[in-house]
Amino acid sequence: MEMGGKIYHFTELDSTNDFAKGLADGAGEGTVVVADSQKRGKGRLGKDWYSPEGGLWFSVVLGRVNNLPLSLLAGVSVCEALQGFGFKVKIKWPNDIIIGGRKVAGILAELEGERIILGIGLNLNISRFPDEIKGKATSLLLETGKTYDREKALKLILGELEKSYKLLKKGNLHSLLNKWREHSTTLGQEVEVRTPQGILGGKAIDIAPDGGLILKLPDGSKEKVLAGECSLRGR
Ligand code: BTN
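Residue numbers run consecutively from 1 along every chain, following the written order of its sequence. Side-chain atom pairs in this predicted model are given and counted only at pLDDT of 80 or more, local residue features only at pLDDT of at least 70, and totals for whole chains, interfaces and linings cover all residues. Side-chain metrics rest on all non-hydrogen atoms present in the structure, leaving aside hydrogens and water.

Q: Honestly, the pairing of strand β5 (residues 96-99) in this entry has me stumped. Any pointers?
A: Within a regular strand, the side chains alternate between the two sheet faces. Alternating residues of β5 divide into D96 and I98 and I97 and I99, and every residue in both groups is buried. Strand pairing is assigned whenever DSSP detects at least two bridges linking the two strands. A run of H or I in DSSP becomes a helix once it reaches four residues, and a run of E becomes a strand once it reaches two; helices and strands are each numbered from the N terminus. Pairing analysis gives three bridges linking strand β4 (residues 90-92) to β5, with the strands arranged antiparallel. Across the sheet, residue K90 finds its bridge partner in β5, namely I98. Relative to strand β6 (residues 102-112), β5 runs antiparallel, the two sharing three bridges. Looking at the pairing, I99 lines up with R102 of β6. Two successive antiparallel strands, β5 and β6, enclose a turn made up of two residues, where G100 displays a positive phi of approximately 55°. Think of it in three bands: residues with accessible area under 20% of the maximum for their type are buried, residues over 50% are exposed, and the middle band is partly exposed, with areas taken using a 1.4 Å probe on protein chains only.

Q: Please explain helix α4 (residues 150-169) as it appears in this structure.
A: One turn of the α-helix equals 3.6 residues, which is why residues spaced by three or four share an orientation. Under the 1.5 Å per step criterion, the end-to-end length of α4 is 28 Å for 20 residues, consistent within 8% with the ideal 28 Å. By the burial criterion, the buried members of α4 are R150, A153, L154, I157, L158, E160, L161, E162, S164, Y165 and L168. For this analysis, residues touch if any pair of their heavy atoms sits within 4.5 Å. Buried residues along α4 sit in contact with β1 (7-13), β2 (32-38), β3 (56-63), α2 (70-84), β7 (115-122) and α5 (173-183). Pairs of N or O atoms within 3.5 Å make up the polar contacts considered here, provided that, within protein, one atom can donate a hydrogen while the other can accept it, and that residues adjacent in sequence are counted only when both atoms are side-chain atoms. The N-cap of α4, judged by a side-chain oxygen 2.9 Å from the amide nitrogen of E151 a few residues on, is D149. Expected helix span is taken as 1.5 Å per residue step, with the number of steps being one fewer than the number of residues.

Q: What am I meant to see in the sheet that holds β3 here?
A: Two modes of strand pairing occur in sheets, parallel and antiparallel, and in both the strands are linked by backbone hydrogen bonds. Taken in spatial order, the seven strands line up as β1-β2-β3-β7-β6-β5-β4 in an open sheet, and their pairing is mixed. Both outer strands of the open sheet, β1 and β4, are each paired with one neighbouring strand and no more. When strand polarity is set aside, the average angle formed by the axes of neighbouring strands in this sheet is 20°. Only C-alpha atoms enter the line fits that serve as axes; for helices the fit covers just the stretch in contact. Angles between N-to-C directions range over 0 to 180 degrees. Across the sheet, helix α1 (residues 16-23) is in contact with β1, β2, β3, β6 and β7; its angle to β2 comes to roughly 150°. Sitting on the sheet, α4 is in contact with β1, β2, β3 and β7, with an inclination near 25° to β3.

Q: How do you make sense of the packing of α2 against α5 when you look at a structure like this?
A: Packed helices, taken two at a time, are described by the angle their axes make and the gap between the axes. Between α2 and α5, whose axes approach to 10 Å, the crossing angle comes to 60°. With respect to their mutual orientation, α2 and α5 come out oblique. Crossing geometry of α2 relative to α5 is assigned as left-handed. Contact residues: L72, L73, V76, C79, E80 and Q83 in α2; L176, L177, K179, W180 and H183 in α5. Of the residues that constitute the contact of α2 with α5, the class distribution is seven nonpolar, two polar and two charged. In what follows, roughly perpendicular refers to angles from 65 to 115 degrees, roughly parallel to angles under 35, roughly antiparallel to angles over 145, and oblique to any angle outside these ranges. In this scheme the crossing of two helices becomes right-handed for a clockwise turn of the near helix relative to the far one and left-handed for an anticlockwise turn of less than a right angle. Classes in brief: Ala, Val, Leu, Ile, Met, Phe, Trp, Tyr, Cys and Pro nonpolar; Asp, Glu, Lys and Arg charged; the others, Gly included, polar.

Q: Honestly, the layout of surface pockets in this entry has me stumped. Any pointers?
A: Vacant regions in the atomic arrangement are exposed by a probe of water-molecule size rolled over the atoms. We place a 1 Å grid over just the protein atoms. Points where a 1.4 Å probe fits but has no way out form a cavity, open points with protein on both sides within 12 Å along at least 5 of 7 lines form a pocket, and any residue with an atom within 4 Å of a point lines it. Grid points are joined across faces, edges and corners, and a volume is the space filled by probe spheres set on the points. In this model, the second largest pocket occupies a volume close to 640 Å³. Forming the walls of the second largest pocket are 23 residues, and the residues nearest its centre are P69, S71, A109, D210 and L226. Every element with two or more residues in the lining of the second largest pocket is listed here: α2 and β6. At five residues, β6 tops the list of elements feeding residues into the lining of the second largest pocket. Looking at side-chain class alone, the lining of the second largest pocket contains 15 nonpolar, four polar and four charged residues.

Q: Please explain the nonpolar core as it appears in this structure.
A: For soluble globular proteins, nonpolar side chains are generally found buried alongside one another. To form a nonpolar core, buried Ala, Val, Leu, Ile, Met, Phe, Trp, Tyr and Cys residues must be joined to one another through side-chain atoms within 4.5 Å. In terms of nonpolar packing, the biggest core is built from 53 residues, with L56, F58, V60, L70, I97 and L161 touching the most fellow members. Considering every element that reaches this core, the biggest residue donor is α2, with nine residues. An automatic or database domain assignment is the source of the domain bounds shown. When we break this core down by domain, the ones giving at least three residues each are domain 1 (7-183) and domain 2 (190-232). Among all residues touching L161, those that are not within four sequence positions of it are M3, V60, L73, A74, S77, L118 and I120. Residues L13, A35, V61 and I117 belong to the second largest nonpolar core, which totals seven residues.

Laid out in structure tokens, this is it:
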């Protein structure tokens, strides 16, 4: 299987994830859908994703691997690719990619039949953000004043994805989780996680094999959170 063995490229789409879902079972593993801009880019938890021209917006079609956390895999791969560009990169649970405290990339994994669609959004050459996200978002261009080659960035990320996916398929979940731990800015912190069931506060102590965040609650008990919005306590 080769990541990006087949690449669909569009100048504009509603969402590369939605287009890839339409292909899903008919598409070979590693098929990639890229768009120069998205009209209805989707973020996690039903949010919109700001997707103007200048960013790298793409989705990869993968097979399901026994409930393995492919979105963590994508997070780690993006981190390692950005390190290749010389950036100091962190991951905020579950897989927000952070440079200098601001989000530079995000991942949206969706299930479609027997396929997983891994949507990756990287703010590459974006010079300004809308007011609502201005303080929280950054781009590679804003960080360094340089513009980046989109094809090169895509290739680098796909190369990292392919390496880690192969490891994961061989059963090497351990090394993926360790890489995630290494890059994490969440572990060891007192956090608050906004979940669909309510807000949970505690110390983030580990990542679970399914990608859940393990919290130590004030009463000493442990709880795993599978989805939600994580912030540092008191901020
Ligand atoms: C997040 O952090 O909220 C996830 C953002 C995911 C954005 C990417 S851009 C390419 C793909 N297509 C979409 O509609 N969303 C993902």
